Amino acid sequence: MSGRALERISSYTHDGLVFDVIDEGPLDGDVVVLLHGFPERASSWHQVAARLHAQGFRTLAPDQRGYSPGARPPRRRDHRLALLTADVAALVERVGGPVHLVGHDWGAIVAWSLAQTRPELLRTLTAFSVPHPAAFARSMRGSLQPLRSWYVGVFQVRGLAERVLARPALAARILRRGGMSPAEVEQFRTGIVEHGALRGGLMWYRALGLLERRQVPRHVTVPTTMVWSDGDSFLDRSGVEATEHYVDAPYELVVLRGVTHWIPGQAPDAAAEAVLERISGT
């Protein structure tokens, strides 16, 4: 615990931006950083975090770039993966890492990126839903993944997704079809649309073309667990199964049966168990 910051962190700064953080659990516990995906915020980890606290862990869940009111830069290039990754690295350095890193959806993409570029900041990695980037790229050939990723192209049209998803009835129909519960749809309306975070979240997708061709995927060298649910409408199993080839460390694949894409909110017991198993097995 040498060098660990033993004070609560409600926010931190990086790149001239201010990020809100939910810091809970025993202050002197080993730190687990929880990264949310789209279209959710740090609060999506609430149920999982409570289970980690009961086991003595401290959790830090940031509202990431585009989501925190003080961290909403206007340009597409301000949301490149390298910057999203550096934001999380700054949080880990602030708390005095290394930490156990957990990410879901886009949060998993950022987590994979940090594990590849700054492995010294991590003790373990648990990725939910989204596989290693090289495995995902492989899955875009000869699988159903291109069909499952149809929405990524739609999100590139500036203003279109904002208008569609800001209409409550239409957004509810789309999100329910993707597996969200009524309570999660309501949280999207209040926590994303009314909070002003929708455009920022969409900018992560719009920045994809600015970075992916230049980034060379690397093997991950920290102990890793990949968690995927067979009810996921967005991620095909082929990329998940290929992920083990890109991890040069203890690795486990956990498949949750009958669970949709929204694992942290809909299967918090299984999600927390996967994180705890990875931590304890390291």
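Residues numbered from 1 in each chain as written. Predicted model: local features only at pLDDT ≥ 70, side-chain atom pairs only at ≥ 80, totals over all residues. Heavy atoms only, no water.

By the naming in an unreviewed UniProt entry, the chain goes by Pimeloyl-ACP methyl ester carboxylesterase and is assigned to Nocardioides salarius.

(A) Just the overall build of the chain, in detail. The secondary structure content of the chain amounts to 13 helices and eight strands. The C-alpha atoms of the chain give 17 Å as radius of gyration, which agrees with the globular expectation for 282 residues (19 Å, within 12%). Considered along the principal axes of its C-alpha atoms, the chain spans approximately 50 × 40 × 35 Å. Nonlocal contacts in the chain, meaning residues at least 24 apart in sequence, comprise 78% of its contacts between residues at least 6 apart. Averaging the locations of the 32 positively and 29 negatively charged side chains of the chain gives two centres separated by 9 Å. (Helix = DSSP H or I, 4+ residues; strand = E, 2+ residues; numbered from the N terminus. Rg over C-alpha atoms; globule rule 2.2 N^0.38 Å. Contact = heavy atoms within 4.5 Å. Lys, Arg positive; Asp, Glu negative; His and termini not counted. Charge placed at Lys NZ, Arg CZ, Asp CG, Glu CD.)

(B) Summary view of the side chain of serine 129. Mapping serine 129 onto the fold places it in the loop between strand 6 (122-128) and helix 4 (133-139). Polar side-chain contacts of serine 129 include one of 3.3 Å to the side chain of histidine 104. In this structure serine 129 touches His104, Asp105, Met226, Val227, Trp228, Asp232, Leu235, Val240, His261 and Ile263, once residues within four positions along its chain are discounted. (Polar contact = N/O pair within 3.5 Å; in protein donor to acceptor, adjacent residues only side chain to side chain.)

(C) Examining the environment of phenylalanine 128 more closely. As for its placement among the helices and strands, phenylalanine 128 is situated in strand 6. Aside from chain neighbours lying at most four places away, what touches phenylalanine 128 is Trp45, Val102, Gly103, His104, Asp105, Ala108, Met226, Val227, Ile263, Ala271 and Val275.

(D) Up close: the layout of surface pockets. Taken as a whole, the second largest pocket spans an internal volume of roughly 460 Å³. What lines the second largest pocket is a set of 22 residues, among which Trp150, Tyr151, Phe155, Ile174 and Phe234 lie closest to the centre. Of all the elements in the fold, those that place two or more residues in the lining of the second largest pocket are helix 5 (145-148), helix 6 (150-155), helix 7 (160-165) and helix 8 (168-177). In terms of residue class, the lining of the second largest pocket is built from 16 nonpolar, three polar and three charged. (1 Å grid on protein atoms, 1.4 Å probe; cavity = no way out; pocket = protein on both sides within 12 Å on 5 of 7 lines; lining within 4 Å. Points joined across faces, edges and corners; volume = space filled by probe spheres on them. Nonpolar A, V, L, I, M, F, W, Y, C, P; charged D, E, K, R; others polar.)

(E) Structural detail: the environment of valine 18. The residue valine 18 is located in strand 2 (residues 17-24) in this model. Considering only alpha carbons, one finds valine 18 and arginine 158, 140 residues apart in sequence, at a separation of 25 Å. Contact partners of valine 18, with chain neighbours within four places excluded, come to Ser11, Tyr12, Thr13, Ser68, Gly70 and Ala71.

(F) The pattern of salt bridges, seen in detail. Applying the stated criterion to the full structure yields 15 salt bridges. The salt bridge partner of arginine 148 is aspartate 236, with a shortest N-O separation of 3.4 Å. Of this pair, arginine 148 sits in helix 5 while aspartate 236 sits in the loop between strand 7 (224-231) and helix 11 (237-242), placing them 88 residues apart in sequence. A salt bridge links glutamate 194 to arginine 189; the shortest N-O distance between them is 2.3 Å. A relative accessible area of 54% places glutamate 194 in the exposed class. Each member of the salt-bridge network shares a partner with another, and the members are Arg8, Asp23 and Arg58. (Salt bridge = Lys/Arg side-chain N within 4 Å of Asp/Glu carboxyl O. Buried < 20%, exposed > 50% of the residue type's maximum accessible area, 1.4 Å probe, protein only.)

(G) Spatial organisation of the environment of arginine 80. Along the polypeptide, arginine 80 turns up in the loop between strand 4 (58-62) and helix 2 (81-95). By relative accessible area, arginine 80 is classed as partly exposed at 28%.

(H) Quick look at the pairing of strand 8 (residues 251-260). Sheet topology places strand 7 next to strand 8; seven bridges connect them, and they run parallel. Pairing of threonine 225 across the sheet is with glutamate 252, part of strand 8. Each parallel crossover has a hand, and for strand 7 linked through helix 11 to strand 8 it is right-handed. (Pairing = 2+ DSSP bridges. Right-handed = clockwise from strand over helix to strand, strands pointing away.)

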